[in-house]
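Commentary on secondary and tertiary structure
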Amino acid sequence: NAGVMQNPRHLVRRRGQEARLRCSPMKGHSHVYWYRQLPEEGLKFMVYLQKENIIDESGMPKERFSAEFPKEGPSILRIQQVVRGDSAAYFCASSPNLHRDPNEKLFFGSGTQLSVL
Amino acid sequence: DAKTTQPPSMDCAEGRAANLPCNHSTISGNEYVYWYRQIHSQGPQYIIHGLKNNETNEMASLIITEDRKSSTLILPHATLRDTAVYYCIVRALTGANNLFFGTGTRLTVIP
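Residues numbered from 1 in each chain as written. Chains lettered and ligands numbered in written order. Predicted model: local features only at pLDDT ≥ 70, side-chain atom pairs only at ≥ 80, totals over all residues. Heavy atoms only, no water.

Some words on the interface of chain A and chain B
- Contacts between chain A and chain B engage 24 residues on the former and 20 residues on the latter.
- Roughly 1700 Å² of surface becomes buried between chain A and chain B when both sides are summed, with 54% attributable to carbon and sulfur atoms.
- Our count for the chain A to chain B interface comes out at zero salt bridges.
- Between chain A and chain B we count five residue pairs in polar contact (both at pLDDT 80 or more) in total.
- Contributing elements (two or more residues each) for the side of chain A that touches chain B: β4 (31-37), β5 (43-50) and β6 (53-56) of chain A.
- Its residues placed into classes, the side of chain A that touches chain B shows 11 nonpolar, six polar and seven charged. (Contact = heavy atoms within 4.5 Å. Buried area = accessible area lost by both parts, 1.4 Å probe. Salt bridge = Lys/Arg side-chain N within 4 Å of Asp/Glu carboxyl O. Polar contact = N/O pair within 3.5 Å; in protein donor to acceptor, adjacent residues only side chain to side chain. Helix = DSSP H or I, 4+ residues; strand = E, 2+ residues; numbered from the N terminus. Nonpolar A, V, L, I, M, F, W, Y, C, P; charged D, E, K, R; others polar.)

Here's the deal with the state of the cysteines
Residues and elements named next belong to chain B.
- In the structure shown here, the tally under the stated rule is two disulfides over all chains.
- A sulfur-sulfur separation of 2.1 Å characterises the disulfide bridge that pairs cysteine 22 with cysteine 88. With the S-S dihedral at roughly -85°, the linkage between cysteine 22 and cysteine 88 falls on the left-handed side. Of this pair, cysteine 22 sits in strand β2 (residues 18-23) while cysteine 88 sits in strand β8 (residues 84-92), placing them 66 residues apart in sequence.
- Classification of cysteine 22 as buried rests on a relative accessible area of 2%.
- In this model cysteine 12 remains outside any disulfide bridge; the closest cysteine sulfur is found in cysteine 22, 18 Å from its own.
- Overall, cysteine 12 belongs to the buried group, its relative accessible area being 7%. (Disulfide = S-S within 2.5 Å. Buried < 20%, exposed > 50% of the residue type's maximum accessible area, 1.4 Å probe, protein only.)

See below:
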């Protein structure tokens, strides 16, 4: 059973370009979370999605950032017109249903390191 | 969800027990204590969780005080591969839609 898969592992973009980060949750998981980690800081929640629905985007910047989790295919975190401050590690996590069962846990991918030149 | 307080860093000799404290004095009755760790450049990894009783699994033990205001994660025989940032998280099922990761404790296991 493959874990949470994120790609690419490293992504380099120039200022103004678009970045697309992909996350395939573990098999059977329908809940996806995106976190961002700036250098030497903790993880910051960005968005929580279920299939075809955004449940909580309270941590998403108001502009340039969007996320989706379509019926088929991976979840996508999209950053338009990237700036240097977007350079960070972006982690995706999945769970079967974190909110119904206290024994559920988050399974994290290895992250995508975004570098903006 | 209740806040947690952890020391920023700790050292532990290889082979010895690592005891990582966490203060959660405002915890409420329906909130669970979770521990995750993040090894450098990797995604966080679940370790253990509990509500009231002490818990043990293949990775660690979790000791929760009787008043539930604090807890300790115990790695019984620390190895170099246990060097990581350890996060103590308190959460209720009816709480926020995510896990709040604070700054954690950076544990360094020394040879």
